[in-house]
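Observations on the model geometry
Each chain, written out:
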Amino acid sequence: MDEWIDRMAEALGEEPVAPTELGEVLKLAREVAHRVERKLAPVSTFLAGVYAGRQVAGGGSRPEALARAAASAHRLRPEPAGDDPGPPDHD
């Protein structure tokens, strides 16, 4: 999987995705899929990427921008209903 994503980044003229960035994006997708709506997981990661791209274009750090995007999504997630704690947080 890492090799494929590295090849995609290269095809798009982007820096390779760092393992920590990959983990952050996958965690974001998992959290949205399980706590919000499954079909919104890819859209949420797209929005996080757009945000990170704008931040980097303005001189910001890509890892920090992704972390801020993920933190925003985390704050917006609904609380689990009843006894369902949702997926575990691995912060």
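As a reminder, the structure under discussion sits directly above these lines.
About the criteria used
Residues numbered from 1 in each chain as written. Predicted model: local features only at pLDDT ≥ 70, side-chain atom pairs only at ≥ 80, totals over all residues. Heavy atoms only, no water. Salt bridge = Lys/Arg side-chain N within 4 Å of Asp/Glu carboxyl O. Helix = DSSP H or I, 4+ residues; strand = E, 2+ residues; numbered from the N terminus.

1. As for the pattern of salt bridges
With the rule as written, the count across this model stands at 3 salt bridges. The shortest N-O distance in the salt bridge between arginine 7 and glutamate 3 comes to 3.9 Å. Of the two residues, arginine 7 and glutamate 3 both sit in helix α1 (residues 2-11), 4 residues apart, roughly one turn of that helix. Taking the shortest distance from any N to any O, the salt bridge between glutamate 21 and arginine 62 comes out at 2.7 Å. On the criterion of sequence distance, the pair formed by glutamate 21 in helix α2 (residues 19-35) and arginine 62 in helix α4 (residues 62-76) is long-range, its members being 41 residues apart.

Geometric descriptors of this kind do not, in isolation, establish any biological role.
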